[in-house]
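What follows is the residue order along each chain.
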Amino acid sequence: MIYEEKISVIVPVYNVQVYLKKCLTSIISNTYSCLEIILVDDGSTDQSGTICDQFANLDKRIKVIHKKNGGLSSARNAGLDIANGDYIFFVDSDDWVEKSIFEKMVKSVHLSKADIVQCGYVRETDSTNNYLFKPENKIFLGRYEISRELLLQNNIIVNAWNKLYRKDVIGDVRFFEGKNNEDNIFITDLLPKIKSISVISDPLYHYVIRSNSITQAKTSEKKVEDLYFAINYMRSNIVSYDSSLSSIASFFYCKGLFYILLLFKNKEPNIDTYNKLINDYLNSYKELKKSKVYSEQRITDRIRLRALYMGRGLFLKIYSSFFVRIISINL
């Protein structure tokens, strides 16, 4: 069956001249041709803006916005504001997609009648140790089931870039500007409007981790603050939707705090910040370990969380001797 709905593919672009051609070529060569490709040049200082214009001259489906630098959320929002498609898809400009991604995801929308379709992905690094995420083929129904999956991150993940959205589901929801980890906030804001998510296991999206990307940049106080804000935002809003998810939300929160603390394992932190984070973790873990939800989680997750709770023992041996001084302040 041939589908004719238009997909608005939004690509935020900032200083990615080395990766951009591969990204754009993978999009324009897709087997599904009914695309509106919106390239948002977010104040690039390299040749990225020029490359966008060159591709626009080659393919009439491409629209280019050149704007002052405002960050990833600002660029995505600029694309959303002019998108005319029936569906929305986000592609980060250093990533690339399989040639059948849009065809398969639109087909899934028609078969499932879902509000969002999510695919699997390949996480690519400079080494050969790539990570393959192949979730279960399943349709998740209702706010409780979808929220639970988002908190557990087993089949549905928070990332914006491996999902096809019905445009009317996004509506006037926009990405939170001025903070990192905006995907957590975006999907949380969409939750009241989502009735179903269809998950297909095919790894159709290639997420490329480069050494100088935002996610790999050196840790800063702002990065910690933004991640802390994002996990708090997601936890508190989901629990406000459905208080029966509180134990699962606590598990998500403890895992989030665990990884926040790891961000600074090789950096001298602000002691007040660390005291707050660790005390918050200890109090949250004490409650979490009493719940049935905790006992149902993977043993690797339970070992990590328990090790951090114990402080001076296993966690320090596995991760960083630096935590001896910081954790000992609080135990």
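For the structure, see preceding data.
Since this is a predicted model, take the numbers as computed values, not measurements. (Residues numbered from 1 in each chain as written. Predicted model: local features only at pLDDT ≥ 70, side-chain atom pairs only at ≥ 80, totals over all residues. Heavy atoms only, no water.)

J.: With reference to specific residues and values, describe the overall build of the protein chain.
T.: Looking only at helices and strands, the protein chain features 14 helices and ten strands. Taking all 331 residues of the protein chain together, the buried fraction comes to 54%. Pairs at least 24 apart in sequence give 77% of the contacts found in the protein chain among residues at least 6 apart. When the accessible surface of the protein chain is summed, it comes to about 15200 Å², and 50% of that surface belongs to carbon and sulfur atoms. (Helix = DSSP H or I, 4+ residues; strand = E, 2+ residues; numbered from the N terminus. Buried < 20%, exposed > 50% of the residue type's maximum accessible area, 1.4 Å probe, protein only. Contact = heavy atoms within 4.5 Å. Areas by Shrake-Rupley, 256 points an atom, 1.4 Å probe, with all protein chains shown as cover.)

J.: A description of the side chain of S100 should follow, citing residues and the corresponding values.
T.: With respect to the helices, strands and loops of the structure, S100 is situated in the loop between β5 (96–97) and α4 (101–112). Not counting the four nearest positions on each side in its chain, S100 is found in contact with N30, T31 and L204.

J.: Explain helix α3 (residues 72–82) to me, using residue names and the numbers behind them.
T.: With eight of its eleven residues buried, α3 lies for the most part within the structure. Taken together, the buried positions of α3 are occupied by S73, S74, A75, R76, N77, A78, G79 and L80. Each element contacted by the buried residues of α3 is listed here: β1 (7–13), β2 (35–42), β3 (62–67), β4 (87–90), α6 (167–170) and α7 (182–190).

J.: Could you give me a rundown of the nonpolar core, with the residues and numbers involved?
T.: Judged by nonpolar contacts, the single largest core of 61 residues is most densely connected at F90, Y165, Y281 and L305. If you tally residues by element for this core, the top one is helix α9 (residues 246–263), at eleven residues. The contacts of L305, once residues within four sequence positions are left out, are F251, C254, K255, F258, Y281, Y285, L288 and Y294. (Core = buried A, V, L, I, M, F, W, Y, C linked by side-chain atoms within 4.5 Å.)

J.: Residues and numbers for the packing of helix α8 (residues 221–241) against helix α10 (residues 271–288), please.
T.: At a minimum axis separation of 12 Å, α8 and α10 run at an interaxial angle of 25°. Here α8 is positioned roughly parallel relative to α10, judged by the angle of their axes. Where α8 crosses over α10, the two elements pack in a sense that is left-handed. Touching E221, V224 and Y228 of α8 are T273, K276, L277 and D280, all from α10. (Axes fitted to C-alpha atoms, helices over the stretch in contact; angles between N-to-C directions. Parallel < 35°, antiparallel > 145°, perpendicular 65-115°, else oblique. Left-handed = near helix turned anticlockwise from the far one by under 90°.)

J.: Explain unusual backbone geometry residue by residue, including any values.
T.: At N15, a residue that is not glycine, the phi angle is positive and equals roughly 50°. With respect to the helices, strands and loops of the structure, N15 is situated in the loop between β1 and α1 (17–28). For N15, a relative accessible area of 25% gives the class partly exposed. Residue N181 is not a glycine yet carries a positive backbone phi of 60°. Inspection of the secondary structure assignment puts N181 in the loop between α6 and α7. Taking the relative accessible area as the measure of exposure, N181 reaches 24% and is therefore partly exposed.

J.: So what's going on with the packing of α1 against helix α2 (residues 48–58)? Which residues, and what values?
T.: At a minimum axis separation of 9 Å, α1 and α2 run at an interaxial angle of 25°. Judged on the interaxial angle alone, α2 and α1 are roughly parallel. Our pair here, α1 against α2, has a crossing hand that is right-handed. For the pair α1 and α2, the contacting residues are Q17, L20, K21, L24, T25 and I28 in the first and S48, I51, C52 and F55 in the second. Tallied by class, residues from the contact of α1 with α2 come to six nonpolar, three polar and one charged. (Nonpolar A, V, L, I, M, F, W, Y, C, P; charged D, E, K, R; others polar.)

J.: Outline the packing of aromatic side chains, listing residues and values.
T.: Summed over all chains, the structure comprises 19 aromatic pairs. With 5.0 Å between their ring centres and 90° between their planes, Y121 and W161 make a pair best called edge-to-face. Note that Y121 is positioned in strand β6 (residues 116–124) and W161 in the loop between α5 (142–152) and β9 (163–166), a separation of 40 residues in sequence. Assigned by exposure class, Y121 and W161 land together as buried. On the numbers, 5.6 Å between centres and 55° between planes, the contact of F176 with F229 is tilted. One end of the pair, F176, is in the loop between α6 and α7; the other, F229, is in helix α8, with 53 residues separating them in the sequence. Look at F176 and you get partly exposed, because its relative accessible area is 34%. Aromatic rings pair up to connect F89, F102, Y121, Y131, F133, W161, Y205 and Y207 into one cluster. (Phe/Tyr/Trp six-rings, centres within 6.5 Å; stacked < 30°, edge-to-face > 60°.)

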